[in-house]
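# Coordinate analysis (summary)
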Amino acid sequence: MKNTARRALTSLLVSSIVFSGMAHAAPTALISTEQAAAAAPRSEAHARLQAALDRADLAAMLQARGVSTDEMRARVDALTDAEAQQMAAQIDQAPAGAADVVGVLFTIFIVLLVTDILGLTKVFPFTRSVR
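What you see is a predicted model, and the numbers here were worked out from it, not measured in a lab.

## Details of the overall build of the protein
Tallying secondary structure elements over the protein gives seven helices and zero strands in all. Reading the protein from its N end, one meets helices and strands in the order α-α-α-α-α-α-α. Sorting the 131 residues of the protein into buried and exposed places 15% on the buried side. Within the protein, counting contacts between residues at least 6 apart in sequence, those at least 24 apart form 40% of the total. Looking at the protein as shown, the accessible area adds up to about 10,800 Å², and 66% of this sits on carbon and sulfur atoms.

Below you can see the structure in the form of structure tokens.
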């Protein structure tokens, strides 16, 4: 009986020593989602998108379409880092407005030239109709 009591006491002592290092107090204050999101570092893409919203011309375009800049800022903040990087990459790859205008004007010129040559229109004086 003495041996059994000694083993039980030894097991209890070893267990208490082992588990005494694990019993730390947890922080008592809870952190809200907004605080956690504010503390998390944002990516460079988020910063670029937020900086774009500071432009007056973009803010005016958004207002014309009925979207407030505050709403857009909230939407940009809600993007994940991967989504923000993808959006920034799409903006970087988008053609400038002038390049689109030149392409459209060139296409219109070619269409009018072909229709002049076919005799359907008479826009350019330097073309001869095949009819």
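## Topic: the side chain of D116
Residue placement: D116 occurs in helix α7 (residues 97-118). Buried and without a salt bridge, D116 has K122 as its closest oppositely charged side chain, separated by 5.6 Å.

## Here we look at the nonpolar core
Ranked by size, the top nonpolar core spans nine residues in total: A45, L49, L53, L62, V67, V76, L79, A84 and A88. Counting only elements with at least two residues in this core, the list comes to α3 (44-52) and α6 (81-93). For L62, the residues in contact, after removing those within four places along its chain, are L53, V67, T69 and M72.

## A closer look at the packing of α3 against helix α5 (residues 69-78)
Between α3 and α5, whose axes approach to 10 Å, the crossing angle comes to 170 degrees. With respect to α5, the axis of α3 lies roughly antiparallel. On the side of α3, the interface is formed by H46, L49 and Q50, while α5 contributes R73, V76 and D77. Classifying every residue of the contact of α3 with α5 gives two nonpolar, two polar and two charged.

## Quick word on the packing of α3 against α6
Look at α3 against α6: their axes get within 8 Å of each other, and the N-to-C directions meet at 55 degrees. For the element pair α3 / α6, the angle class is oblique. Handedness of the crossing formed by α3 with α6: left-handed. Seen from α3, the contacting residues are A45, H46, R48 and L49; seen from α6, they are D81, A84, Q85, M87, A88, I91 and D92. Of the residues contributing to the contact of α3 with α6, the split by class is six nonpolar, two polar and three charged.

## Focus: the side chain of Q50
Looking at where Q50 falls in the secondary structure, it is placed in helix α3. Residue class for Q50 comes out buried when judged on its relative accessible area of 16%. If we skip the residues at most four places from it in the chain, Q50 touches R73, V76 and D77.

## Some words on α3
For α3, the complete set of buried residues consists of A45, H46, L49 and Q50. What you see down the axis of α3 is that its buried residues fit within an arc of 135 degrees, all on one side. For α3, the secondary structure elements touched by its buried residues are α5 and α6.

## Describing a nonpolar patch on the surface
On the surface, a nonpolar cluster with roughly 860 Å² of combined accessible area is contributed by F106, F109, I110, V114, I117, L118, L120, F126 and V130. Relative to the helices and strands, L120 is located in the segment after α7. Judged by relative accessible area, which is 56%, L120 ranks as exposed.

Scoring rules and cut-offs
Residues numbered from 1 in each chain as written. Predicted model: local features only at pLDDT ≥ 70, side-chain atom pairs only at ≥ 80, totals over all residues. Heavy atoms only, no water. Helix = DSSP H or I, 4+ residues; strand = E, 2+ residues; numbered from the N terminus. Buried < 20%, exposed > 50% of the residue type's maximum accessible area, 1.4 Å probe, protein only. Contact = heavy atoms within 4.5 Å. Areas by Shrake-Rupley, 256 points an atom, 1.4 Å probe, with all protein chains shown as cover. Lys, Arg positive; Asp, Glu negative; His and termini not counted. Salt bridge = Lys/Arg side-chain N within 4 Å of Asp/Glu carboxyl O. Core = buried A, V, L, I, M, F, W, Y, C linked by side-chain atoms within 4.5 Å. Axes fitted to C-alpha atoms, helices over the stretch in contact; angles between N-to-C directions. Parallel < 35°, antiparallel > 145°, perpendicular 65-115°, else oblique. Nonpolar A, V, L, I, M, F, W, Y, C, P; charged D, E, K, R; others polar. Left-handed = near helix turned anticlockwise from the far one by under 90°. Arc of directions from axis to C-beta. Patch = residues over 30% accessible without salt bridge, like charges linked within 9 Å, V, L, I, M, F, W, Y side chains within 5 Å.

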